[in-house]
Amino acid sequence: MKNKRLLRYLSAAASTATVAHAQTSDVIYTDFDPDILLEGNLQSIRVDVNQDSIDDFVFIAEDTLLQAVNGSYNIGRVRAGGYANVQNFVMGSIPSLYGYVSKADWGDEIGPNEEFIIAGTMAMAVDGQNPFNEPWNGGAYDQYMGFKMSYGADSSHYGWIRLDVSADGKRALIKDAAFSLLPDTAIAAGSAQLHQQEWTNGLLIRQGDGLIELELGEEMKGTTFELSELSGKRIWQEELNESGLHRFPIPKEQAFYLLTAHRKGLRSSWKIAP
């Protein structure tokens, strides 16, 4: 994929309902609260991202022993694809006639310039090893599956689903989703609105000398902050229940990081420069 960056922030508004929705003029966002766990052999999760009571995408987990003439193999695999609708596709590729679902980082472009397939494999492990080339192999945290779907008359709409996939390829955790209401228009992975939410107005962020400083107003108490690599690997996470100044370390490596704040379905993120 082209790894384009559309936005330098993300945010999303939702209620505390089991499935919370928020709509702006451009985006529909769905928060699955609590997150939906997929595990067990041939278990599946179906996801409705456009709130029409028709499932749009399906995720399937495998956790089984495959018997062979020379022994048995412990198989873990997570697959995804459009559900009962050939107009819904996932971002991916089909080398050698085998479908792979692409893994997008925060801010990556999902739109008409990308490749989409009906269904494919996200991750596959055989006896704990990854003998093939699935993009989600080795585990993934807070990564994005892009999709293209029909919504309205004869138009394509692009969106993302955020999820974790376990390193053994046997489990997935579905967190939230969003798609653009603008036909044939790209969306950034992780962006749920085109304008920053005001819920973080009570937060000041500063960095320097290997530290990041978070100064919280009273209205920001109870917010969880986490710092992660852009690959999704978490560095630290902390729930802050007191207002005032809080300091946290930044790794010495010269790399970009992602700072995320979330509370009760509200989420905002900032890219931290070295």
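Calculation criteria
Residues numbered from 1 in each chain as written. Predicted model: local features only at pLDDT ≥ 70, side-chain atom pairs only at ≥ 80, totals over all residues. Heavy atoms only, no water. pLDDT = per-residue confidence, 0-100. Contact = heavy atoms within 4.5 Å. 1 Å grid on protein atoms, 1.4 Å probe; cavity = no way out; pocket = protein on both sides within 12 Å on 5 of 7 lines; lining within 4 Å. Points joined across faces, edges and corners; volume = space filled by probe spheres on them. Helix = DSSP H or I, 4+ residues; strand = E, 2+ residues; numbered from the N terminus. Buried < 20%, exposed > 50% of the residue type's maximum accessible area, 1.4 Å probe, protein only. Pairing = 2+ DSSP bridges. Core = buried A, V, L, I, M, F, W, Y, C linked by side-chain atoms within 4.5 Å. Phe/Tyr/Trp six-rings, centres within 6.5 Å; stacked < 30°, edge-to-face > 60°. Lys NZ or Arg CZ within 6 Å of the ring centre and 35° of its normal. Salt bridge = Lys/Arg side-chain N within 4 Å of Asp/Glu carboxyl O.

Moving on, we get to the confidence of the model for the chain. Confidence in the prediction of the chain, expressed as mean pLDDT, is 83, and 85% of residues score 70 or more. Contacts for the low-pLDDT stretch residues 1-18, under 50 throughout, to residues beyond four places or in other chains number 80 contacts.

What follows is about empty space enclosed by the protein. Taken as a whole and judged by the stated rule, the model has two cavities of 30 Å³ or more. Space inside the largest cavity adds up to approximately 120 Å³. Forming the walls of the largest cavity are 16 residues, and the residues nearest its centre are Asp142, Tyr144, Ser228, Leu258 and Thr260. When residues of the lining of the largest cavity are traced back to their parent elements, those giving at least two are strand 12 (140-150), strand 18 (223-229), strand 21 (257-263) and strand 22 (266-272). Tallying contributions element by element places strand 12 first for the lining of the largest cavity, with four residues.

Most of strand 18 sits inside the fold, with six of its seven residues counted as buried. Here six bridges tie strand 18 to strand 19 (residues 234-240), and the two strands are oriented antiparallel to one another. Among the inter-strand pairings, Thr224 is bridged to a residue of strand 19, identified as Glu239. Pairing geometry for strand 18 and strand 21, over six bridges, is antiparallel. Bridge assignment links Thr224 to a residue of strand 21, and that residue is His262.

Note on soluble globular proteins: their nonpolar side chains tend to be buried together. Core analysis: the largest hydrophobic core is formed by 29 residues, its most contacted members being Val49, Phe59, Met122, Trp136, Met145, Ile161 and Leu163. If we skip the residues at most four places from it in the chain, Leu163 touches Phe59, Met122, Trp136, Ala140, Tyr141, Asp142, Gln143, Met145, Ala172, Leu173 and Ile174. In terms of nonpolar packing, the next biggest core, distinct from the first, is built from 17 residues, Trp199, Leu240, Leu259 and Ala261 among them.

Let us look at the packing of aromatic side chains. In this structure the tally under the stated criterion is seven aromatic pairs. Between Trp236 and Phe248, the ring centres sit 4.4 Å apart and the planes meet at 20°, which makes this aromatic pair stacked. Taken together, the residues Trp236 in strand 19 and Phe248 in strand 20 (residues 244-249) connect sequence positions twelve residues apart. Given a relative accessible area of 13%, Phe248 falls into the buried group. Taken together, Tyr29, Tyr144 and Trp160 form an aromatic cluster joined through their ring pairs. A cation over a ring is seen here: Lys148 above Phe89, with NZ or CZ 5.2 Å from the ring centre.

A few words now on the pattern of salt bridges. Taken as a whole and judged by the stated rule, the model has 13 salt bridges. A salt bridge links Lys175 to Asp142; its shortest N-O distance comes to 2.6 Å. Within this pair, whereas Lys175 is found in strand 14 (residues 171-180), its partner Asp142 is found in strand 12, the two being separated by 33 residues in sequence. Exposure remark for Asp142: the relative accessible area of 13% places this residue in the buried category. Each of Asp142, Arg162, Asp164, Lys175 and Asp176 takes part in a single network of salt bridges with overlapping partners.

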